[in-house]
Amino acid sequence: AQGYMGGEIISVRTDTRGYTGGAHGYSYTTGYTFDLSTGQFIDPVQLAEDPAAFQEGAAEALIAAADSLGRERRDLYWDNYQDIIREWNNGAVYFNGEGMTVIFSAYELGPYVLGAVELTLDWETLADLLDGGLARLGVEAGGEA
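Residues numbered from 1 in each chain as written. Predicted model: local features only at pLDDT ≥ 70, side-chain atom pairs only at ≥ 80, totals over all residues. Heavy atoms only, no water.

## Some points on the overall build of the chain
Within the chain, the regular secondary structure consists of five helices and seven strands. The secondary structure elements of the chain, listed N-terminal to C-terminal, are β-β-β-β-α-α-α-β-β-β-α-α. A globule of 145 residues ought to have a C-alpha radius of gyration of about 15 Å, and the chain, at 16 Å, matches this closely. Counting the 145 residues in the chain, one finds 38% classified as buried. Contacts spanning at least 24 positions in sequence make up 57% of the contacts within the chain whose residues lie at least 6 apart. Summing over all exposed atoms, the chain offers an accessible surface of approximately 7700 Å²; the carbon and sulfur share of this is 47%. (Helix = DSSP H or I, 4+ residues; strand = E, 2+ residues; numbered from the N terminus. Rg over C-alpha atoms; globule rule 2.2 N^0.38 Å. Buried < 20%, exposed > 50% of the residue type's maximum accessible area, 1.4 Å probe, protein only. Contact = heavy atoms within 4.5 Å. Areas by Shrake-Rupley, 256 points an atom, 1.4 Å probe, with all protein chains shown as cover.)

## Thoughts on the sheet that holds strand S6 (residues 99–104)
Ordered by their spatial adjacency, three strands build an open sheet running S5-S6-S7, and the pairing between neighbours is antiparallel. Every other strand in the sheet has two partners, leaving strand S5 (92–96) and strand S7 (117–122) as the edge strands with one partner each. Here the strands of the sheet are splayed against their neighbours by 20° on average, with no regard to which way each runs. Of the strands in this sheet, S6 and S7 touch helix H1 (residues 51–67), which is tilted by about 120° from S7. Seen against the sheet, helix H4 (residues 123–130) touches S5, S6 and S7 and runs at an angle of roughly 70° to S7. (Pairing = 2+ DSSP bridges. Axes fitted to C-alpha atoms, helices over the stretch in contact; angles between N-to-C directions.)

## Things to note about H1
Here H1 spans 24 Å end to end across 17 residues, near enough to the 24 Å set by a 1.5 Å rise per residue. Where H1 is buried, its residues meet helix H3 (81–86), S6, S7 and H4. (Expected span 1.5 Å × (residues − 1).)

## Re H4
Residues that lie three or four places apart on an α-helix share one face, since the helix turns once every 3.6 residues. Among the residues making up H4, those that are buried are Trp-123, Leu-126, Leu-129 and Leu-130. An end-on view of H4 places all buried positions within 115° of arc, on one side of the element. Facing away from the buried side of H4 by over 90 degrees, the exposed positions are Glu-124 and Asp-128. Buried residues belonging to H4 abut strand S1 (2–6), H1, S5, S6, S7 and helix H5 (133–136). (Arc of directions from axis to C-beta.)

## Describing the pattern of salt bridges
Applying the stated criterion across every chain yields a total of six salt bridges. Between Arg-136 and Glu-8 there is a salt bridge whose closest N-O contact spans 3.3 Å. Taken together, the residues span a long stretch of sequence, with Arg-136 in helix H5 and Glu-8 in the loop between S1 and strand S2 (9–18) at a distance of 128 residues. Among the ionic pairs, Glu-118 bridges to Arg-13, the shortest N-O distance being 2.8 Å. Of this pair, Glu-118 sits in strand S7 while Arg-13 is found in strand S2, placing the two residues 105 residues apart along the sequence. Judged by relative accessible area, Arg-13 falls into the buried class, the value being 10%. Through salt bridges with shared partners, a single ionic network connects Glu-8, Asp-35 and Arg-136. (Salt bridge = Lys/Arg side-chain N within 4 Å of Asp/Glu carboxyl O.)

Right, dumping it as structure tokens:
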């Protein structure tokens, strides 16, 4: 597990591996976002003043990041990978000193051979999407955690 505390938010990423037989084991990542001010786990989109705009804007940026990983990887994505990425906030989201990383475990965006796909949006990119959310994450307006 990895953890990050910034401002009012604790972000945790857990990486789990298992083997129950077959050709290979399986691994997956889970992300948790905890709001210290309310004492509750939250959906990452709740960090923004406008959650719907944050989800949509981040989805577009994450799709662009996935497309930029190169043709060899892109050719392995499922046909509906963009629809899967648009639901990024329902998956493994992890905030750290660099920004926000969304982790799609093996089989989520493509076959096992693709492996996990990690897409990161830096603080500068998030600043335009999060409105007042950067302060809740303990990030200054210039994008420094």
